[in-house]
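The primary structure of each chain is shown beneath.
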Amino acid sequence: MSSQLFEYEFDEEALGFGKPEPQVTLAKPTGLTRLFQGITLLGSILLLAQIAGSAFTGTWIGFLIGPGLLTLGSALYFWSSMKDRPPGINHDGIRYNGWLARGGGGYLLALLLTGLYVLIYWFPQYLGHSAEGNPTGLVRVVQAPALLLTGGPADRWFLYGVLYSFVMLAMGVRMWMKYRHNRYEKLRTLSVLFFQFVFAWTLPNLLVKWGQPYMELNGVWPLKQDYLWPTKVSELWNGDASLGPVMIVWAGLIALVGTPVLTYFYGKRWYCSWVCGCGGLAETLGDPWRQLSDKSERALKIEHITIYSVLGIVLLVTGVLWVDHLAGGIFPENFGGALKHYYGFAIGSVFSGVVGVGFYPILGSRVWCRFGCPQAAILGILQRFFSRFRITTNGGQCISCGNCSTYCEMGIDVRAYAQKGENIVRASCVGCGVCAAACPRGVLKLENGSTHLERL
C-alpha cells in the first residue's frame with residue numbers, strides 16, 4: 001500500500017468548511033442548580049419532620065414546606081439542570097448507569113417503590129392511616145388538603161393521590177425539558193398532567209365532599225373494573241338524583257361509545273398516552289427506564305397471553321356479577337364479593353400497582369400497560385383492525401442506529417419496520433411518539449390514513 005495514502009492530510013478549514021462545532025459535554029452543576037438541590041434536600045428534611053409529628057403536621061404550612069417544597073425543588077432542579085443543554089434527547093451513559101440499567105441502584109429503587117405500594121395497599125397503619133379518622137405520620141401530612149377537597153380527614157388513598165400527582169408534576173417538568181424540541185411530546189405531557197390533577201385527583205375528591213361515590217373521571221371500564229359493576233351502578237343511581245345518573249351515563253358513553261370512536265380516529269394513544277393516569281405516571285416517573293422493555297419474541301408471546309387473559313377475566317367477572325344481580329342472586333352467598341375481592345387483589349393491586357409501578361427500574365415503564373391492562377387490550381384490538389392511526393416510515397433515510405427500538409417502552413422492534421419501509425400498525429403501540437422523537441433522521445411520523453384500510 002502506498003505510503004502517500006497514510007501521509008494524506010485533508011484541511012477542511014482551508015477548503016472553506018469552517019471550524020468544526022465544539023464537542024458538547026454535560027454541563028457542570030451551576031449555582032442555581034445547587035440552590036434547587038438544596039431546596040429539594042430541605043423539603044425532604046422538613047417532610048421527615050412532619051412525619052415525626054412536628055408542630056406544623058396536618059396544617060397548610062406543614063404541607064407546603066414538606067411535600068410542596070420537595071416537589072418544587074425537584075421540578076426546578078430538573079429545569080435548571082437541563083435548560084442549558086442543546087435541545088434534543090441525550091441518552092449518554094445510560095447503559096453504564098446502575099440506577100437506569102438494572103444495577104444496584106435500580107434494584108434498590110424497585111424495592112423502595114414496591115415497598116411503598118405494599119404499605120399503601122396492605123399495611124397502611126404504618127403510614128399513619130386510621131380507620132377512626134385520626135391519621136398520624138405520613139397520612140397526617142396531607143390532612144389540610146384532604147379537609148379542603150373531601151371535607152373529611154386524610155386516609156391512605158388521599159395520600160396515594162397526592163404522592164401520585166406530585167411525583168407526576170416534578171417528573172413532568174423533567175419530561176418537558178428532555179423533549180422540549182418536540183411539540184407533540186410537550187403537548188402530551190401537559191395533557192396527562194391536566195387529566196391527573198383535574199379529572200383523577202381534584203374532581204373525584206370533590207365528589208366525596210358533595211356526598212357522592214369516589215370516581216376518577218379519566219378512568220374507563222374495564223381498567224376501572226368496578227365502574228360498570230352492579231354495586232357501583234346501584235351506588236351512583238341511589239345517590240344524588242341529578243348527579244348519579246349523569247355519572248353512570250358518563251362511564252357508559254366513554255366505555256361503549258368514546259372508546260371505539262376516538263380509537264378509530266386517533267388510535268389508542270388518545271387514552272394511553274394523553275389521558276390515562278397509569279400512562280401518565282409511566283411517561284413521567286417511568287421515562288428514565290423506558291429502554292428496559294423486553295424486545296424479545298418470548299416477551300411478545302407472554303404479552304399476548306397475559307393481557308388478553310386479564311381482559312377475559314374482567315369480562316367474565318363483570319358478566320357473572322350482572323347475571324347474579326339481575327337474576328336476584330342465583331349464585332352462592334358472597335360469591336360476587338369473593339370474585340371482586342380476588343380480582344382487586346391479584347389484578348388491581350399486585351399486578352397494576354406493586355408490579356406495574358414498583359418494577360419500573362427492572363422491567364421498564366409500561367409493565368402493566370403492556371402485559372395486563374384490559375383497557376389497553378380492547379384499544380389494541382380496535383387499533384390493529386379498525387383505526388386510521390399508523391406510524392409511517394421512510395426506509396431510505398434509516399441509518400439503523402436502533403434508537404427507536406431501544407426506547408420503545410412497549411418492546412416493539414421499530415427499526416425492523418423502518419429498515420423495510422413498512423408502516424407500523426401494532427396493537428401494543430401506545431402512540432407515545434418517543435421513537436420519532438429519538439430518531440436522528442426523521443424516519444418516523446405519527447399520522448392517520450384516510451381510512452383504516454388505507455393506512456397499511
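No experiment lies behind these values; they were computed from the predicted model shown.

Definitions and limits used
Just so you know, the residues in each chain are numbered from 1, in the order the chain's sequence is written. With the structure being a predicted model, the display of local features is reserved for residues of pLDDT at least 70 and the display and counting of side-chain atom pairs for 80 or more, all residues being used for whole-chain, interface and lining totals. Only hydrogens and water are removed before side-chain values are computed, so all heavy atoms of the structure are retained for them. Side-chain rings of Phe, Tyr and Trp, where Trp is taken by its six-membered ring, are said to pair if the distance between their centres is within 6.5 Å; with planes under 30 degrees apart they count as stacked, over 60 as edge-to-face, and otherwise as tilted. The numbering of helices and of strands both runs from the N terminus, where a helix is a DSSP run of H or I of at least 4 residues and a strand a run of E of at least 2. Burial classes follow relative accessibility: with a 1.4 Å probe on protein chains only, a residue under 20% of its type's maximum area counts as buried, one over 50% as exposed, and anything between as partly exposed. Residue types Ala, Val, Leu, Ile, Met, Phe, Trp, Tyr and Cys, when buried and joined through side-chain atoms within 4.5 Å, form a set referred to as a nonpolar core. Any two residues whose heavy atoms approach within 4.5 Å at even a single point are treated as in contact. Fitted lines through C-alpha atoms give the axes, limited to the stretch in contact for helices. The angle between two N-to-C directions lies from 0 to 180 degrees. Angles are sorted into four bins: roughly parallel if under 35 degrees, roughly antiparallel if over 145, roughly perpendicular if 65 to 115, and oblique for all others. Residues were grouped as follows: Ala, Val, Leu, Ile, Met, Phe, Trp, Tyr, Cys and Pro as nonpolar; Asp, Glu, Lys and Arg as charged; and all remaining residues, including Gly, as polar. Note that a disulfide, as used here, is simply two cysteine sulfur atoms within 2.5 Å. Any Lys or Arg side-chain nitrogen found within 4 Å of a carboxyl oxygen on Asp or Glu counts as a salt bridge. Pairing of N or O atoms within 3.5 Å defines a polar contact, subject to two protein rules: one partner must be a possible hydrogen donor and the other a possible acceptor, and residues neighboring in sequence count only if both atoms are side-chain atoms. The sense of a crossing depends on the near helix, which, turned anticlockwise from the far helix by less than a right angle, makes the crossing left-handed and, turned clockwise, makes it right-handed.

## Some points on the packing of aromatic side chains
With the rule as written, the count across this model stands at 27 aromatic pairs. A ring pair is formed by Tyr184 and Trp274, whose centres lie 5.5 Å apart and whose planes are at 75°; its orientation type is edge-to-face. Highlighted residues: Tyr184 in helix H8 (residues 183-209) and Trp274 in the loop between helix H11 (269-272) and helix H12 (277-284), separated in sequence by 90 residues. A relative accessible area of 21% places Tyr184 in the partly exposed class. Plain terms: the ring middles of Phe195 and Phe199 are 5.1 Å apart, the flat faces sit at 50° to each other, and that makes the pair tilted.

## Overview of the nonpolar core
In terms of nonpolar packing, the biggest core is built from 99 residues, with Tyr117, Met215, Tyr271, Leu281, Ile391, Val414 and Leu444 touching the most fellow members. Broken down by element, this core gets its largest block of residues, nine residues, from helix H7 (residues 156-178). When residues no more than four places from it in sequence are discounted, the contact partners of Tyr271 are Asn218, Gly219, Val220, Leu223, Cys276, Gln375 and Leu379.

## Regarding helix H6 (residues 143-150)
Residues lying three or four places apart along an α-helix face the same way, a consequence of the helix completing one turn every 3.6 residues. For H6, the buried fraction is high: six of the eight residues fall into the buried class. For H6, the full list of buried residues reads Gln143, Ala144, Pro145, Ala146, Leu149 and Thr150. Contact partners of the buried residues in H6: helix H3 (60-82), helix H5 (137-141), H7 and H8. Remark: Gly151 follows H6 within two positions and exhibits a positive phi of approximately 80°.

## What about the packing of helix H9 (residues 230-237) against helix H13 (residues 297-326)?
Contact geometry for H9 and H13: axes closest at 9 Å, N-to-C directions at 60°. Taken together, the axes of H9 and H13 are oblique relative to one another. Counting all contacts with H9, which are made through Pro230, Val233 and Ser234, the residues of H13 involved are Leu321, Trp322 and His325. Split by residue class, the contact of H9 with H13 holds four nonpolar, two polar and no charged.

## What about the state of the cysteines?
Summed over the entire model, instances satisfying the criterion amount to zero disulfides. Cys429 takes part in no disulfide bond, and the closest cysteine sulfur, belonging to Cys435, lies 6.5 Å away. There is no disulfide at Cys435, and the cysteine sulfur nearest it, in Cys432, is 6.2 Å away.

## Here we look at the pattern of salt bridges
Opposite charge on two side chains lets them pair, provided their charged atoms get close. Evaluation of the coordinates by the stated rule reveals 15 salt bridges. One salt bridge connects Arg174 with Asp287, and the closest N-O pair in it is separated by 2.8 Å. Pair noted here: Arg174 is in helix H7 and Asp287 is in the loop between H12 and H13, with a separation of 113 residues, a long-range link. In this structure, Arg174 and Asp287 share a single accessibility class: buried. Between Lys178 and Asp287 there is a salt bridge, with its nearest N and O atoms 2.9 Å apart. You can see Lys178 sitting in helix H7 and its partner Asp287 sitting in the loop between H12 and H13, a full 109 residues away along the chain.

## Quick word on the environment of Cys401
Within the fold, Cys401 resides in the loop between strand S1 (389-393) and helix H18 (403-406). Judged by its relative accessible area of 38%, Cys401 is partly exposed. Between the C-alpha atoms of Cys401 and Pro222, which are 179 residues apart in sequence, the distance is 38 Å. Other than its neighbours up to four places away in sequence, Cys401 contacts Arg415 and Pro440.

## Examining unusual backbone geometry
Along the chain, Trp221 connects to Pro222 via a cis peptide bond; the corresponding omega equals 10°. Within the secondary structure, Pro222 is located in the loop between H8 and H9. The phi dihedral of Arg102 falls on the positive side, at around 60°, and the residue is not glycine. Inspection of the secondary structure puts Arg102 in the loop between H3 and helix H4 (104-122). Backbone geometry places Ser400, a non-glycine residue, at a positive phi of 60°. For Ser400, the position within the fold is in the loop between S1 and H18. Take Ser400: its relative accessible area is 32%, and that puts it in the partly exposed class.

## What to know about the environment of Ser273
When you line up the elements, Ser273 lands in the loop between H11 and H12. According to the relative accessible area criterion, Ser273 is buried, its value standing at 1%. Discounting chain neighbours no more than four positions away, the residues touching Ser273 are Arg188, Val192, Arg366, Val430, Gly431 and Cys432. At 2.8 Å, the side chain of Ser273 forms a polar contact with the backbone oxygen of Val430.

## Re the packing of H13 against helix H14 (residues 335-358)
Between H13 and H14, whose axes approach to 10 Å, the crossing angle comes to 155°. By the angle class used here, H13 and H14 are roughly antiparallel. With respect to the hand of their crossing, H13 and H14 are arranged in left-handed fashion. Along its contact with H13, which presents Val310, Ile313, Val314, Val317, Val320 and Leu321, the element H14 presents Phe335, Gly336, Leu339, Lys340, Tyr343, Ile347 and Phe351. Class assignment for the residues of the contact of H13 with H14 results in eleven nonpolar, one polar and one charged.

## Concerning the side chain of Ser130
Residue position: Ser130 is located in the loop between H4 and H5. What makes Ser130 buried here is its relative accessible area of 15%. At 3.3 Å, the side chain of Ser130 and the backbone nitrogen of Asn134 are in polar contact.

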